[in-house]
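Chain by chain, the residues run as shown.
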Amino acid sequence: MEWLTDPLSEPFMQRVLVGSALAVMTASLIGTWIVLRGLGFMGDALAHGVTPGIALAFAFGFNLTLGAIAAAGFMTLGINLVHRKARLREDTGIGLLFVGMLALGVVIMSRLPSFSSSLATILFGDTLGIRRGDIVVQALAAAVTLTVILVFYRAFLVLSFNEEKAEMLGLRPGLAHLVMLSLLTLAIVTSFRTVGTLLVFALIVAPPATASLVVRRVPTMMVTAVAFGFLAVVSGLLISWHADTAAGATMAGVSVAIFFVVLALREVSSKARLPGAQH
Amino acid sequence: MERFVVLTVVLAIVGSACSGAGAGGDDRPLVIATTTILGDVVANAAGDAVQVEVLMPVGADPHDFAPSARQAARLRDAALVVANGIGLEGALLDVIDAAEQDGVLVIRVGELLSPKPVVAAWASEEASNGLDPHVWMDPLRVAEAVDLTADRVHSATGVDISDSAAAYRARILDLHEEITLMIETVPAERRKMITNHFSFGYYADRYGIKLLGTVIPAATTGAETSAADFAALVDLLEQERVSVIFGSTAEPTSLADTLAEEVGYEVKVVKLYTGSLGEVGSGAENYIDMMRLSTRLIVENL
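Residues numbered from 1 in each chain as written. Chains lettered and ligands numbered in written order. Predicted model: local features only at pLDDT ≥ 70, side-chain atom pairs only at ≥ 80, totals over all residues.

Regarding the overall build of chain A
- Scanning chain A from terminus to terminus reveals 14 helices and 0 strands.
- Secondary structure elements in chain A, listed N-terminal to C-terminal, are α-α-α-α-α-α-α-α-α-α-α-α-α-α.
- Over its C-alpha atoms, taken along the principal directions, chain A stretches across nearly 60 × 55 × 35 Å.
- For chain A, the share of sequence-separated contacts (at least 6 apart) that also reach a separation of at least 24 residues comes to 71%. (Helix = DSSP H or I, 4+ residues; strand = E, 2+ residues; numbered from the N terminus. Contact = placed C-beta atoms within 7 Å.)

Shown next, in the form of structure tokens:
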């Protein structure tokens, strides 16, 4: 068991583990709803679209997280605008805003010579640069996410499975949608420091997607997603330790790899149980 | 449920298969350097008195290198971490800062060597904010870095390395003499360079070479070139009849290659070792040889 205990006995590694586990918890909790509602593209676009906000905040010495939140808000409004005014499907608006924001981010960075060296940090994050203060932020984000999901549980549920009915029940689907997007933004902006804007989306979508392969009910799905997220974080860190790979990218990659492993195992076990049956 | 068991077992097997060897039983104080170049300088300055480890592998672009979990944890074992600073280790900065916050002694040696802003004769105002991190391209600054590091090693570990440091410093001063003489063989009017990114500022300054321009308009490899910059460079090349662009082995030079094609005559892209030492057999396995090799290639191609 040395391969497990050696790395994790280091206080520094424990801190990285706790920080990443909190990040993945926030991401997987809201990610479950994103997966259920098929908002994956929206999540991906938001995750990448915060880049110009971070770049501008850096250039003018503002808080990076506030910059990211502003960019996410701007994007959400823009997507809404395209959807309603141009009468295009929502995914077209998302696509336009997504590439537009990402391009803007790179343009801003290319005009800031002293800044571009941390482009890598924004895109891929710095799991290993996590500090004690970051853990507090991550813990707060996880707590807020969990509380809000509990409060809005019924609204989220109806919104996910029967949007028309939500209106009838007086559950205000518009508000629920907005709250959901806000939680998504929270997950993105609090974990971009850990895994980066390019990779944070892996933690939002991969663990819930994996959970959806093995469980059906939404609460179980959230719990299972968090469990798969933890598994990805722990094994990603261990692989980074033993194989000398970049930690954030390894975690994100492992979370996706787990999805395919579980999918394969499910296929194998369902074939074994029902020989010759159509699936 | 059984599939979870299977999954756990599979992961456990994968995990144990990757398990590596633990740390060796070395009692000497540990000094960790970020770049291969700093690692070589520190190892030479310290002799055998301390154990020197280097974070970046040979050939890595120091602007992009991201450490593994083990390396980040290893930083906490170091008596001293020698970093370049001035934003050079772009993807490593937070990791080093976090280690420093945990009580690890860090010396950002570049920041102590009177760094200069990135300024270029051709550039408009926006290219001049920020300091140039490539301090090691000036041997005299490296000689000073040797002294600074030796002091810091002494105060951090109690090990006195001043003798080996002085000997290495003398070798670097010899290197400086050698480079000066080599550059003097180039006629003064031909001492002008176009480089891939802004990495030769200190070198050009020290040895009286005029930097005409850079392909990437910044001191880091992460920035991008605008269309106008690119067009201006093509004009510049043709106007000055420059037939060589100096790139680095640790970074992509695709833009420099394109530039070479755009110009109406043959332009060579010469790759120098600047951001990292070379592989064994490259002739740039250590700092002194690296600088010697780069100078030889510069002199041959100007």
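Picking up where we left off.
Notes on the pairing of strand 3 (residues 80–83) of chain B
All names here are of chain B.
- Residue alternation in strand 3 divides its side chains into two sets, L80 and V82 and V81 and A83, and both sets are buried.
- Alignment of strand 1 (residues 30–33) against strand 3, held across 3 bridges, turns out to be parallel. Across the sheet, residue I32 finds its bridge partner in strand 3, namely V81.
- Both strand 3 and strand 4 (residues 106–108) contribute to a ladder of 3 bridges, which runs parallel. Bridge pairing links V82 to I107 in strand 4.
- For the crossover that starts at strand 3, traverses helix 4 (residues 93–101) and ends in the parallel strand 4, the hand is right-handed. (Buried ≥ 20, exposed ≤ 12 C-beta atoms within 10 Å, placed from the backbone. Pairing = 2+ DSSP bridges. Right-handed = clockwise from strand over helix to strand, strands pointing away.)

A few points about the sheet that holds strand 5 (residues 192–195) of chain B
All names here are of chain B.
- If you walk across this open sheet you meet the 4 strands as 6-5-7-8, and the pairing is parallel. Lying at the two open borders of the sheet, with one neighbouring strand each, are strand 6 (210–214) and strand 8 (268–272). Averaged over neighbouring strand pairs, the angle between their axes works out to 35° when direction is ignored.
- On top of the sheet, helix 9 (residues 254–262) reaches strand 7 (244–248) and strand 8; it is set at about 170° to strand 7, its chief contact.
- Of the strands in this sheet, strand 7 and strand 8 touch helix 10 (residues 287–301), which is tilted by about 165° from strand 8. (Axes fitted to C-alpha atoms, helices over the stretch in contact; angles between N-to-C directions.)

Things to note about the domain arrangement of chain B
Residues and elements named next belong to chain B.
- On domain assignment, one finds that chain B holds domain 1 (30–169) and domain 2 (185–301).
- In this structure, domain 1 and domain 2 have C-alpha centres spaced 24 Å apart.
- Each side of the interface is counted separately: domain 1 has 29 residues, and domain 2 has 31 residues.
- Where the side of domain 1 that touches domain 2 is concerned, the elements lending two or more residues are helix 2 (36–46) and helix 5 (139–157).
- No other element matches helix 2, which puts 4 residues into the side of domain 1 that touches domain 2. (Domains from an automatic or database assignment.)

Some remarks on unusual backbone geometry
All names here are of chain B.
- With a phi angle near 40°, S114 is a residue other than glycine that sits in the positive phi range.
- With respect to the element layout, S114 can be found in the loop between strand 4 and helix 5.
- Positive phi values are uncommon outside glycine, yet R241 reaches one of about 50°.
- Secondary-structure assignment places R241 in the loop between helix 8 (227–240) and strand 7.
- Given 8 C-beta atoms within 10 Å, R241 falls into the exposed group.

Notes on helix 6 (residues 90–110) of chain A
- Here helix 6 of chain A spans 30 Å end to end across 21 residues, near enough to the 30 Å set by a 1.5 Å rise per residue.
- For helix 6 of chain A, the set of buried residues is G93, I94, L97, F98, M101, G105, M109 and S110 of chain A. (Expected span 1.5 Å × (residues − 1).)

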